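# Structural characterization, general
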Amino acid sequence: MKTFIGITGTTSVGKSSVAVELAKMLDSEVVSADSMQVYKGMDIGTAKITESEMCGIKHHMLSVVEPNVNYSSFLYQESASKIIDNLKMPIVAGGTGFYFDGLIYPPEFGNVNTERRLELNCIYKEKGLDELCQLLKELDPKTFENIDCKNPKRVIRAIEIAESGRKKSEGLARNNPRYKCILFVLYRNRESLYAQIDERVDNMIKNGLISEVKSLVERYGYLDNSAFSAIGYKEIITYLRGKTSLEEAIRQIKLNTRHYSKRQITYYKKMAVEEYIDVDSKTPSEVATHIYDRLKAVYYKV
């Protein structure tokens with residue numbers, strides 16, 4: 001079974017820098033596992049790694065689709081798995097836990113019916129999420145009990161699967177994984193993490209986040225989709241539409257990012273983790289060296 005090294009953790013924990021340092025040690029390449037960094041033109045607000053920060057290490061699955069495309073974990077795993085299969089020792093790095101799950105346990109359900117997707121989105125807009133949840137409950141009660149009922153995308157996808165004659169609860173055959181993932185979760189204590197989040201958001205504003213969002217709106221208009229619902233973008237869009245002040249928009253970005261980090265932590269607890277690594281007071285090189293030594297001692301002769 002093909003093996004890849006996974007580096008994940010909450011936003012603002014330093015995953016990208018650690019992945020670069022580890023890739024240098026292993027003479028490898030990095031495959032991004034970030035559901036927002038796949039979008040072109042969304043660089044500042046997603047903290048996408050820059051060319052200079054890559055230090056010559058090749059990165060994959062960054063800026064692969066336009067923001068007006070709703071990119072799914074199914075499409076991600078289709079593309080990313082082809083890259084992983086052609087690398088000697090791939091490093092998958094990013095904070096989107098279900099992208100890791102999609103790679104390890106490929107979805108058994110294929111593409112969607114576009115017309116039905118539009119119908120379900122209309123139900124969501126006109127009648128609300130509760131209506132969709134009730135439909136899912138009738139179609140697949142087991143999935144309804146376990147799904148995030150505050151996430152319309154996941155509810156809609158579960159309905160599509162159920163209406164196809166399958167059940168999402170029957171998918172993800174975890175006894176038959178496609179890859180072995182040696183997963184390291186990076187973390188900081190809460191006070192340090194929140195300070196890092198606040199600093200990152202302030203730097204995004206200084207580095208031109210507002211201009212970036214304006215450019216996207218000028219090109220695509222105000223879209224009601226995954227990309228434009230991303231933290232950092234939706235708040236600035238609200239500001240640009242005159243519905244809030246810039247100060248409030250920035251405060252909401254920081255608050256929503258903190259809430260997101262909590263959801264990330266909850267998700268990682270469901271995953272098979274090799275080791276949790278406290279990165280406070282450690283440089284990216286020190287963290288990467290620790291991972292390298294762990295791999296060398298337990299898994300590989302590197």
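Residues numbered from 1 in each chain as written. Predicted model: local features only at pLDDT ≥ 70, side-chain atom pairs only at ≥ 80, totals over all residues. Heavy atoms only, no water.

## Focus: the overall build of the protein chain
Which entries qualify depends on this criterion: Secondary structure elements follow DSSP: runs of H or I of four or more residues count as helices, runs of E of two or more count as strands, with numbering from the N terminus. Radius of gyration means the value over C-alpha atoms here, while the globule rule gives 2.2 Å times the residue count to the 0.38 power. Exposure classes here rest on a 1.4 Å probe applied to the protein chains alone. A residue is buried below 20% of its type maximum, exposed above 50%, and partly exposed in between. The accessible surface values rely on the Shrake-Rupley method and a 1.4 Å probe; as for residues, cover is taken only from the protein chains in view. The positive count covers Lys and Arg only, the negative count covers Asp and Glu only, and His and the chain ends enter neither. Note on charges: their place is set at NZ of Lys, CZ of Arg, CG of Asp or CD of Glu.
A count of helices and strands for the protein chain gives 13 helices and six strands. In terms of C-alpha radius of gyration, the protein chain reaches 20 Å, essentially the compact-globule figure of 19 Å for 302 residues. Each of the three principal axes of the protein chain carries a C-alpha extent, and together these read 55 × 50 × 35 Å. Within the protein chain, buried positions represent 46% of all 302 residues. When the accessible surface of the protein chain is split by element, carbon and sulfur atoms take 47% of a total near 15700 Å². The averaged location of the 40 negative side-chain charges in the protein chain is 2 Å from the averaged location of its 44 positive side-chain charges.

## Here's the deal with the pairing of strand E5 (residues 180–187)
This is how it is decided: By the convention used here, strands pair only if DSSP detects at least 2 bridges between them.
By the criterion of burial, E5 is predominantly enclosed, with six of the eight residues buried. For E5 and strand E6 (residues 275–278), the ladder comprises four bridges, and the chain directions are parallel. Paired with Val185 across the strands is Tyr276, a residue of E6.

## What to know about the pattern of salt bridges
This is how the line gets drawn: A pair is scored as a salt bridge if a Lys or Arg side-chain nitrogen falls within 4 Å of a carboxyl oxygen belonging to Asp or Glu.
Enumeration over the complete set of coordinates arrives at 15 salt bridges. Put simply, Lys40 and Glu66 hold a salt bridge, and the shortest N to O gap is 3.8 Å. Of the two residues, Lys40 sits in the loop between strand E2 (30–32) and helix H2 (51–54) while Glu66 sits in the loop between strand E3 (59–60) and helix H3 (73–85), which places them 26 residues apart along the sequence. Take Lys40: its relative accessible area is 34%, and that puts it in the partly exposed class. In this structure, Lys125 engages Asp224 in a salt bridge whose closest nitrogen and oxygen atoms are separated by 3.8 Å. In this pair, Lys125 sits in helix H5 (residues 114–127) while Asp224 sits in the loop between helix H10 (209–220) and helix H11 (233–240), placing the two residues 99 residues apart along the sequence. For the pair shown, Lys125 and Asp224 are each scored as exposed. Through salt bridges that share partners, Lys40, Glu66 and Arg219 make up one connected network.

## As for H10
We apply this condition: Expected helix span is computed as 1.5 Å times (number of residues minus one). The directions considered for the arc are those from the helix axis to the C-beta atoms.
Taking 1.5 Å per residue, 12 residues should reach 16 Å; H10 reaches 16 Å between its end C-alpha atoms and fits that length. If you check which residues of H10 are buried, you get Leu209, Ile210, Glu212, Val213, Leu216, Val217 and Tyr220. Seen along its axis, H10 keeps its buried residues to an arc of 160°; they face one direction. Away from its buried face, by an angle of more than 90 degrees, H10 presents the exposed residues Glu218 and Arg219.

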